[in-house]
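Secondary and tertiary structure notes
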Amino acid sequence: MNEIAPPAVLQKKSAQIAAAVLAPDAERVDREAEWPAHGLRALADAGLMGLHIPRRLGGLGEGLLSLAIVTEELARACSSTAMCFGMHCVASKVLAAKATKHQEDQYLRPIAEGRHITTLALSEPGTGAHFFLPRSHYWAQGDDYVLDGRKSFVTSGSHADSYVVSAVPPGAELDPGTFTCLVMDCDSPGIEWLDAWRGLGVRGNSSRAAKLKNVTIPQTSLLGLTGDQIWYVFEVVAPYFLVAMAGVYLGIAQAALDLTITRLQSRRHEHTGETLSMISALSDEVADMWTRTERARQLVHHAARLGDTGSPSCQAALFAAKLDVAGTAVAVTNAAMRLAGGQGYQENSALGRLLRDAQAAHVMSPTTHLLKRWLGRSVLGMPLL
Ligand SMILES: Cc1cc2nc3c(=O)[nH]c(=O)nc-3n(C[C@H](O)[C@H](O)[C@H](O)COP(=O)(O)OP(=O)(O)OC[C@H]3O[C@@H](n4cnc5c(N)ncnc54)[C@H](O)[C@@H]3O)c2cc1C
């Protein structure tokens, strides 16, 4: 069994792996759009893949605050690895939420032992940002279920060992209260992976689309009860997804700030003998970048703590946290590029990678448009959907 790991210990451990393993690979992972197997192996060997698996099953039994802290540390070095890790964490939390004994043995123990990577396959081409409205459907056939449909942007697509998928019984497509979460093993017959992922950023993510053509999975793959999905979406997927993504984009913003500080302190003009850090217009911008990043971090940690303690006000705080971090990551990486001058504007520069990676923040679900609406409705006491 893993030892109990308070957030500070996890932060140190993930920062060490990020520096020693993730950072040296990050440029290649981005350039080659390479799924970060090496980095994820290091995280598994350190016991981090079982972050949300209960301690009695060998995991760390950690919650949202630890997720925010670990994903931030990883993303400071490589956002692709952090994203694959984050999506694994969200899916493993969905698996753990209402796991049967069979699912504990089949998925949760191997995850805790670092032998199994999972991920979320919710989004579909037909419903896009409305990840909670699947059109894939499933039906019972003997002791099995048969799944049919399409999934899009599946992080770790074709690499994970299992996929947490959403699907509806035929005929229930327009009723948002009827979809179901199921777990699909990677070798289930009928999964066809489509084109390789060639994203603008987070290029090692392997966010691929898949056709599910009469995929046969055992009925033991049902997560919770038929129609439990709204419980899953708002009790597990949303909080863990929002915090995992917030952690990743926070890491991107912090990495851009770190690069800016190093650059301004080291770049010296010959005609004045001064470093860029001595120019007030530039240090003023650094002040704004620092404030924005730290403010976003405090909001993320505050929301995560509220979520961990089951506070009724956690929902609005979690929505606001991801919303704010998305704007922060884009604004801070833009500012960093501005301050880096022509040197930052090189092909394949670390800053260029961060700038591209940050752009995913607004378009990954829940997207900025939908989140803002949910936040307003949540604060006004209105139904979200
Ligand atoms: C790098 C990356 C990794 C991803 N990983 C995963 C994953 O692991 N699992 C997974 O399930 N999904 C994943 N996704 C999918 C992601 O969460 C979104 O579902 C997807 O980006 C939506 O893209 P789309 O082009 O279909 O959006 P569209 O639905 O076409 O939306 C386009 C724009 O319109 C806005 N919009 C759409 N509908 C509304 C509305 N009703 N009101 C206001 N605005 C609206 C959206 O906010 C967006 O800005 C990933 C996406 C990316 C980019």
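As the structure is a computational prediction, the values presented were derived from the model and not from experiment. Once a new chain begins, its residue numbering starts again from 1 and follows that chain's sequence as written. Under the rules for a predicted model, residues below a pLDDT of 70 receive no local features and side-chain atom pairs below 80 are neither given nor counted, while totals for whole chains, interfaces and linings still include all residues.

Only the contacting stretch of a helix is used when fitting its axis, a line to C-alpha atoms as for every element, and angles between N-to-C directions run 0 to 180 degrees. Secondary structure elements are taken from DSSP: a helix is a run of H or I of four residues or more, a strand is a run of E of two residues or more, and numbering for both begins at the N terminus. One can describe the packing of helix α3 (residues 64-77) onto helix α7 (residues 280-308) by two numbers: an axis separation of 7 Å at closest approach and a directional angle of 150°. Regarding the angle of α3 to α7, the classification is roughly antiparallel. On α7, the residues touching L64, L65 and A68 of α3 are V300, H301, A304, R305, G307 and D308. Residues were grouped as follows: Ala, Val, Leu, Ile, Met, Phe, Trp, Tyr, Cys and Pro as nonpolar; Asp, Glu, Lys and Arg as charged; and all remaining residues, including Gly, as polar. When grouped by side-chain class, the residues that make up the contact of α3 with α7 number five nonpolar, two polar and two charged. Each angle receives one of four descriptions, namely roughly parallel if under 35 degrees, roughly antiparallel if over 145, roughly perpendicular if within 65 to 115, and oblique otherwise. C-beta atoms are first placed from the backbone for all residues, and any pair lying within 7 Å is then listed as a contact.

Further remarks concern the site of the ligand. For each residue, a C-beta atom is placed from the backbone, and the residue is labelled near a molecule or strand when this atom is within 6 Å of it. Near the ligand lie 23 residues; those nearest to it are G128, T155, S365, T367 and H369. For the shell around the ligand, the secondary-structure elements that each account for two or more residues are β1 (118-121), β3 (144-154), α10 (360-363) and α11 (368-379). With three residues, β1 is the largest single contributor of residues to the shell around the ligand. Its residues assigned to classes, the shell around the ligand comprises 13 nonpolar, 10 polar and no charged. An automatic or database domain assignment provides the domain bounds reported here. Each of two domains, domain 2 (120-223) and domain 3 (229-379), supplies a minimum of three residues to the shell around the ligand.

A separate point is the environment of L22. Tracing the backbone through its elements, the reader meets L22 in helix α1 (residues 7-32). For the pair L22 and S188, spaced 166 residues apart in the sequence, the C-alpha separation amounts to 31 Å. Once you skip the residues sitting within four places of it in the chain, L22 turns out to touch I17, G39, L74, A77, C78 and T81.

Another point: the packing of α1 against α3. Across the interface, α1 lies against α3 with an axial gap of 7 Å and an inter-helix angle of 25°. Put simply, α1 runs roughly parallel to α3. Note on packing geometry: the crossing formed by α1 with α3 is right-handed. Of the residues in α3, those in contact with P7, L10, Q11, S14, A15, A18, A19, L22, A23 and A26 of α1 are L65, S66, I69, V70, E73, L74, R76 and A77. In this scheme the handedness of a crossing depends on how the near helix is turned from the far one: anticlockwise by less than a right angle means left-handed, clockwise means right-handed.

With that out of the way, let us pick up the environment of P169. With respect to the element layout, P169 can be found in the loop between β4 (162-167) and β5 (180-185). Look at P169 and you get partly exposed, because 16 C-beta atoms sit within 10 Å. Sequence spacing of P169 and G50 is 119 residues, and the spatial spacing of their C-alpha atoms is 32 Å. Residues in contact with P169, not counting those within four places in the same chain, are H137, Y138, W139 and T178. Whether a residue is buried, exposed or partly exposed follows from its count of other C-beta atoms within 10 Å of its own C-beta, namely 20 or more, 12 or fewer, or something in between, respectively; the C-beta atoms are built from the backbone.

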